Amino acid sequence: MNIAIKKFYYGDIPEEKGGTGNYQSTADSHAWPLWEIFIRSKQGLDHKHVGSLHAADAAMAIENARDVYTRRMEGVSIWVVESKYISASNPEEAGELYEPAVDKIYRHPTFYQLPDEVNHM
Amino acid sequence: MPVQDFEQVFQDKIDGEIKIEPKDWMPDAYRKTNLRQISQHAHSEVVGMLPEGNWVTRAPSLKRKAILLAKIQDEAGHGLYLYSAAETLGMSRDEMIGDLHSGKAKYSSIFNYPALTWADMGAIGWLVDGAAILNQVMLCRTSYGPYARAMVRICKEESFHQRQGFESLLVLSKGTDEQKAMCQDAINRWWWPSLMMFGPKDSESTNSDQSMKWKIKRKSNDELRQQFVDMIAQQIKVLGMKLPDEALQWNEQRGHYDFGAINWDEFWAVVKGNGPCNKQRLEARRKAHEQGAWVREAAMAYAAKTAQKKAAAAMQAGALEMA
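Residues numbered from 1 in each chain as written. Chains lettered and ligands numbered in written order. Predicted model: local features only at pLDDT ≥ 70, side-chain atom pairs only at ≥ 80, totals over all residues. Heavy atoms only, no water.

**Some words on the overall build of chain A**
Test applied: Each helix is a run of H or I in the DSSP string that is no shorter than four residues. Each strand is a run of E no shorter than two, and both are numbered from the N terminus. Under the scheme applied here, a residue whose accessible area is under 20% of the maximum for its type counts as buried, over 50% as exposed, and between as partly exposed, the area being computed with a 1.4 Å probe on protein chains only. Residues count as neighbours in contact if any of their non-hydrogen atoms are within 4.5 Å of one another. Here, Shrake-Rupley sampling with a 1.4 Å probe gives the accessible areas, and only protein chains in the shown set may cover a residue.
Helix and strand counts for chain A come out as two helices and three strands. If you list the helices and strands of chain A from N to C, you get β-β-α-β-α. The proportion of buried residues among the 121 residues of chain A is 27%. Restricting to contacts in chain A with at least 6 residues of sequence separation, those with at least 24 account for 52%. Carbon and sulfur atoms form 55% of the exposed surface of chain A, whose accessible area is close to 8600 Å².

**Quick look at the packing of aromatic side chains**
Residue and element names in this part refer to chain B. We apply this condition: Geometry of aromatic contacts follows a simple scheme: Phe, Tyr and Trp rings, the Trp one being its six-membered ring, pair when their centres are within 6.5 Å, and the pair is stacked under 30 degrees between planes, edge-to-face over 60, tilted otherwise.
For the structure on display, the rule yields 17 aromatic pairs over all chains. Measuring from centroid to centroid gives 5.8 Å for Trp191 and Phe228, while their planes differ by 15°, and the two rings are stacked. With a gap of 37 residues between them, Trp191 in helix H8 (residues 177–196) and Phe228 in helix H10 (residues 221–239) connect regions that are remote in the sequence. The buried category is assigned to Trp191, whose relative accessible area is 0%.

**Considerations on H8 of chain B**
Owing to its 3.6 residues per turn, the α-helix aligns residues three or four sequence positions apart on the same side. Residue and element names in this part refer to chain B. Filter applied, for reference: In this analysis, the expected span of each helix is defined as 1.5 Å times one less than the number of residues it contains. Bend is computed residue by residue as the angle between axes fitted to the seven residues ending at the residue and the seven residues starting at it.
Taking 1.5 Å of rise per residue, 20 residues should cover 28 Å, and H8 covers 30 Å from first to last C-alpha, within 8% of that figure. Along H8, the helix axis deviates most sharply at Trp190, where the bend reaches about 30°; the proline Pro193 sits within four residues downstream. What H8 keeps buried is the set Cys183, Gln184, Ala186, Ile187, Trp190, Trp191, Trp192, Pro193, Ser194, Leu195 and Met196.

**As for helix H2 (residues 28–47) of chain B**
The terminal C-alpha atoms of H2 of chain B, which comprises 20 residues, lie 28 Å apart, in line with the 28 Å expected from a rise of 1.5 Å per residue. Of all 20 residues in H2 of chain B, 16 are buried; the element is thus mostly enclosed.

**Re the sheet that holds strand E1 (residues 34–40) of chain A**
All names here are of chain A. What counts, and what does not: In this scheme, strands are said to pair when DSSP sees at least two bridges between them. Interaxial angles span 0 to 180 degrees and are taken between N-to-C directions of axes, which are lines fitted to C-alpha atoms, for helices over the stretch in contact.
What the three strands build is an open sheet, ordered E2-E1-E3; its pairing is antiparallel. Looking along the sheet, the strands with just one partner apiece sit at the ends: strand E2 (47–54) and strand E3 (77–82). Recorded for the sheet is a direction-independent mean angle of 25° between the axes of neighbouring strands.

**Considerations on the pattern of salt bridges**
One side chain can pair with another of opposite charge once the charged atoms of both are near each other. What counts is decided by this rule: Definition used for salt bridges: Asp or Glu carboxyl oxygen within 4 Å of a side-chain nitrogen of Lys or Arg.
Following the criterion strictly, the structure yields 23 salt bridges over all chains and no others. A salt bridge links Asp67 of chain A to Arg66 of chain A; its shortest N-O distance comes to 3.0 Å. Classification of Arg66 of chain A as partly exposed rests on a relative accessible area of 45%. Because the salt bridges share partners, they merge into one network encompassing Arg71 and Arg72 of chain A together with Asp74 and Glu157 of chain B.

**Some remarks on a nonpolar patch on the surface**
All names here are of chain A. So the rule is basically this: Each patch is built from residues that are more than 30% exposed by relative accessible area and take part in no salt bridge. Like charges join if they lie within 9 Å; nonpolar side chains (Val, Leu, Ile, Met, Phe, Trp, Tyr) join within 5 Å.
Nonpolar side chains collect at one region of the surface, where Ile105, Tyr106, Phe111, Tyr112, Leu114, Val118 and Met121 lie side by side and expose about 760 Å² of accessible area between them. Tracing the backbone shows Phe111 in the segment after helix H2 (94–102). The partly exposed category is assigned to Phe111, whose relative accessible area is 40%.

**What to know about the packing of helix H4 (residues 62–87) of chain B against helix H5 (residues 93–102) of chain B**
Residues and elements named next belong to chain B. Put simply, the rule reads: Here roughly perpendicular refers to angles of 65 to 115 degrees, roughly parallel to angles under 35, roughly antiparallel to angles over 145, and oblique to all remaining angles. We call a crossing left-handed when the near helix sits turned anticlockwise from the far one by less than a right angle, and right-handed when that turn is clockwise. Gly is put with the polar residues, along with every residue not named as nonpolar or charged; the nonpolar set is Ala, Val, Leu, Ile, Met, Phe, Trp, Tyr, Cys and Pro, and the charged set is Asp, Glu, Lys and Arg.
Between H4 and H5, whose axes approach to 10 Å, the crossing angle comes to 115°. When the axes of H4 and H5 are compared, the pair comes out roughly perpendicular. The two elements H4 and H5 cross, and the hand of that crossing is right-handed. On the side of H4, the interface is formed by Leu80, Tyr83, Ser84, Ala86 and Glu87, while H5 contributes Arg93, Met96, Ile97 and Leu100. Residues that form the contact of H4 with H5 fall into these classes: six nonpolar, one polar and two charged.

**Digging into unusual backbone geometry**
Positive phi, normally seen in glycine, also occurs at Met73 of chain A, with a value near 60°. As for its position among the elements, Met73 of chain A is in the loop between helix H1 (58–69) and E3. The backbone of Glu17 of chain B sits at a positive phi, close to 60°, despite the residue not being glycine. Its place among the elements puts Glu17 of chain B in the loop between helix H1 (3–15) and H2. Residue classification places Glu17 of chain B among the partly exposed residues on the basis of a relative accessible area of 43%.

Structure representation (structure tokens):
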């Protein structure tokens, strides 16, 4: 199996799949980079991706994330990462990528038939 | 795979209620329609701050001022959620804002009407946000994942907007004769434009059919409009006010309110740029963007400088360690 993890910008579309329209953005040297925002809603829970925003640097991204994503106390901790550092799997290769798990039903507890006398296992 | 197969896989996903995500293959027209709709929606949130901004310093009490500020901040946030969702389709923020400022991109026509009195803040919350919510609740189930997620977030916050608006009108409706008149006047002016917010009649809407097939939209303009009329016709009784429509009447047979004809000439005139405030709104947007350019540049310069300093300090620390 050929596992090719391609690197995309968040939400970027591979050029060959972009269709006929021209959506290339105009380059602006002052445009703030895009950041992905992860919020921990309360102690004990994972940070969860909530969206993205633009900011000049990490400190500003955290401040903006506070204003954009936690106006109603939705978070106790914020992670930010510049979107260009996110590597993602390719949806078109999902078949091959996850295929190894498909036929291993013995990894699920329900695969095993136990006598009724055995409770709560 | 030939394109037809990609399209079949795509449509199967839609029919099976599987959301489309940014990196999935999608027909060009689907991308374009979403991009147009989401960016238009984002622009509406942003331009929507302008009529309200007019009243921040004129709010009748500190409480109302704080509420209005919170609402305006929400609109800015909603604009940001939506711009981010639109960006996943491959258009940059700058380009979208450029299109808004050049007049190429549209925003909701309702914001081209002026907010003349304090009662307009209540009427906008109740009627304009009320109309927006019906559309947005439907869009929580739209087929494009990032748009649907943005809408869920927005809907959670939007209900406060409508409630504060109604409550504000309720206070006026129990006030002096002057306040009551102001309340009725605001309703009179905002009612018809609110009905127009749902867009052209189904028989004339160019985007509806394909959008329904792709589940970008799940209810037609007329369906949503009727839902809105039914809701408001009930709620206005609590205010003891009247909707400015002589034809408004409960229709037992249909199980809905009948209502009068909408002035579509006015709608198209405003869409085409000839509403009372189109020019003023765009000018305010452009001015804010242009006069804020130095802030954006300075922030980037500062970020570059601090990154450089940090790198230099790290190198020096490395050199010390080596020595």
